Amino acid sequence: MRLLGRNHLQKIRGRSAQTDRWLAAWVSEVINAKWKASIDVVKQYRAVTRVAEGTFLFPIEDFDGFVELQIAFPQGVALITAVQNRL
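Just so we're clear, the structure is a prediction, and the values are computed from it rather than from any experiment.

## What about the pairing of strand β4 (residues 65-72)?
Reasoning step 1: Summarising the sheet, strand β3 (residues 55-59) and β4 pair through 5 bridges and their orientation is antiparallel. Bridged to P59 within β4 is F66.
Reasoning step 2: As consecutive antiparallel partners, β3 and β4 are separated by 5 residues, and within that stretch D62 has a phi angle of approximately 60°, a positive value.
Reasoning step 3: Across 8 bridges, the pairing between β4 and strand β5 (residues 77-85) is antiparallel. Each bridged residue has a counterpart across the sheet, and for A72 the counterpart in β5 is V77.

See below:
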């Protein structure tokens with residue numbers, strides 16, 4: 001996948017070593033993912049929440065929040081649209 005919007009991750013970088021490790025691993029996994037449909041994402045990430053077709057919330061380790069990711073499966077593009085605290 002081509003991953004866009006990484007600038008949003010700056011919001012939580014440096015909060016803790018655990019969060020930074022999670023972010024690095026997550027970014028690597030997304031870049032190397034070969035997802036073709038929503039079910040592929042859910043199979044890889046059991047804790048992910050699908051909020052709409054192609055839009056997912058990934059809970060962030062050691063941070064009470066999530067990364068919102070929109071995926072255009074046919075194009076192989078993933079866009080980070082937000083990093084937010086849980087409401």
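## Examining the sheet that holds strand β1 (residues 2-4)
Reasoning step 1: The 5 strands lie next to each other as β1-β5-β4-β3-β2, forming an open sheet whose pairing is mixed. Looking at which strands have only one partner, the edges of the open sheet turn out to be β1 and β2 (49-52). The sheet shows a mean angle of 30° between the axes of neighbouring strands, taken without regard to direction.
Reasoning step 2: Bridge analysis of β1 against β5 gives 3 bridges, and the strand direction is parallel. Residue pairing in the sheet places R2 in a bridge with V77 of β5.

## As for unusual backbone geometry
Reasoning step 1: Unlike most non-glycine residues, D62 shows phi in positive territory, near 60°.
Reasoning step 2: Following the sequence through the fold, D62 ends up in the loop between β3 and β4.
Reasoning step 3: Note on D62: relative accessible area 44%, which makes it partly exposed.

## A closer look at the packing of aromatic side chains
Reasoning step 1: Within this structure, the stated rule accounts for 6 aromatic pairs.
Reasoning step 2: Their ring planes at 75° and their centres at 6.4 Å tell us that W35 and Y45 sit as a pair that is edge-to-face. Within this pair, whereas W35 is found in the loop between α1 (17-32) and α2 (38-44), its partner Y45 is found in the loop between α2 and β2, the two being separated by 10 residues in sequence.
Reasoning step 3: Pairing F56 with F58 gives two aromatic rings, centres 6.5 Å apart and planes at 50°, and the pair type is tilted. You'll find F56 and F58 in the same group, each marked buried.

## What to know about the nonpolar core
A general tendency of soluble globular proteins is for nonpolar side chains to be buried together.
Reasoning step 1: Core analysis: the biggest nonpolar cluster contains 25 residues, and W26, W35, F58, V67, L69 and I71 have the highest contact counts within it.
Reasoning step 2: When residues of this core are traced back to their parent elements, those giving at least two are α1, β3, β4 and β5.
Reasoning step 3: If one sorts the elements of this core by residue count, α1 sits on top with 5 residues.
Reasoning step 4: If near-sequence neighbours (up to four positions away) are discounted, F58 is found in contact with W22, W26, V41, Y45, V48, G65, F66, V67 and L69.

Rules used in this analysis
- Sequence order as written defines the numbering, with residues in each chain counted from 1.
- Since the coordinates come from a predicted model, pLDDT governs what is reported: local features require at least 70, and pairs of side-chain atoms require 80 or more to be given and counted, while whole-chain, interface and lining totals use all residues.
- Working from all heavy atoms in the structure, the side-chain values ignore hydrogens and water.
- Paired strands, in this sense, are two strands between which DSSP finds at least two bridges.
- Secondary structure elements follow DSSP: runs of H or I of four or more residues count as helices, runs of E of two or more count as strands, with numbering from the N terminus.
- Axis angles are defined between N-to-C directions and span 0 to 180 degrees, where every axis is a line fitted to C-alpha atoms and, for a helix, only to the segment in contact.
- Three labels apply to residues, based on accessible area from a 1.4 Å probe with only protein chains included: buried if under 20% of the type maximum, exposed if over 50%, partly exposed otherwise in between.
- Each pair of aromatic rings taken from Phe, Tyr and Trp, with Trp reduced to its six-membered ring, is defined by centres within 6.5 Å and is described as stacked if the planes are under 30 degrees apart, edge-to-face if over 60, and tilted in the remaining cases.
- For our purposes a nonpolar core is just a set of buried Ala, Val, Leu, Ile, Met, Phe, Trp, Tyr and Cys residues, chained together by side-chain atoms within 4.5 Å.
- Here, two residues are considered to be in contact whenever any of their heavy atoms come within 4.5 Å of each other.

No statement about biological role is implied by the geometric values presented.
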